[in-house]
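Coordinate analysis (summary)
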Amino acid sequence: MMHMTFYWGRRVTILFDSWKTDSWLSYFLSLFACFLFSVFYQYMEDCRLRLKTSPPPSAGAAAPLLLSKMGGARNWSASRFAGAILFGVNAGIGYLLMLAIMSFNGGVFVAVVVGLGVGYLVFRGGDEGVVVVDNPCACA
């Protein structure tokens, strides 16, 4: 039976029916995997933001202003595709973390939140000067 309120215990199903914990060892290994997955989420977000804030290769003054604003060649650059791929991967990871928390196990919740905090501290703690406002995704 799936829980609809937070509970504490070692028996939990995380994301898939095949990912069930029945011993303390499997429970703690699953919590550690959730922790690492959360840290990896922050690492991927850092990679995406660094790619987004890196200066674009200058085409010089030869590129018409109207063409660059309407789409031109910049919309199909490799860095833009890489940014889109990183955004998609990061959104998928974020939704999987949300679904893991929706197991309503207190340990899974704590592992994900602590992992996000540690990942932010390690990978994005120095981003005070970087401001990216155009993030339409509610999960990031």
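Note that this is a predicted model, so its numbers are computed, not measured.

Structural notes on the pattern of salt bridges
- Inspection of every chain in the model, using the stated rule, returns two salt bridges.
- Across the pair R48 and E45 runs a salt bridge, and its minimum N-O distance is 2.9 Å. Remark: E45 and R48 occur in helix α1 (residues 24–53); sequence separation between them is three residues, near one turn of the helix. When sorted by exposure, R48 lands in the same class as E45, which is buried.
- Linking R50 and D46 is a salt bridge whose minimum nitrogen-to-oxygen distance equals 3.0 Å. Residue R50 and its partner D46 are both found in helix α1; the two are separated by four residues, about one turn of the helix.
- Taking relative accessible area as the criterion, R50 reaches 51% and is therefore assigned exposed.

Description of the UniProt feature "transmembrane region" (unreviewed entry) in the protein
- In the UniProt entry, the feature "transmembrane region" (unreviewed entry) is given for residues 24–44, 78–98 and 104–123.
- Annotated as residues 24–44, this span is 100% helix and 0% strand, and its ends, taken at the C-alpha atoms, are 30 Å apart.
- In this annotation, residues 78–98 is assigned 100% helix and 0% strand; the end-to-end C-alpha distance for the span is 30 Å.

What counts, and where the lines are drawn
Residues numbered from 1 in each chain as written. Predicted model: local features only at pLDDT ≥ 70, side-chain atom pairs only at ≥ 80, totals over all residues. Heavy atoms only, no water. Salt bridge = Lys/Arg side-chain N within 4 Å of Asp/Glu carboxyl O. Helix = DSSP H or I, 4+ residues; strand = E, 2+ residues; numbered from the N terminus. Buried < 20%, exposed > 50% of the residue type's maximum accessible area, 1.4 Å probe, protein only. UniProt positions renumbered as here; feature names shortened; annotations may be inferred.

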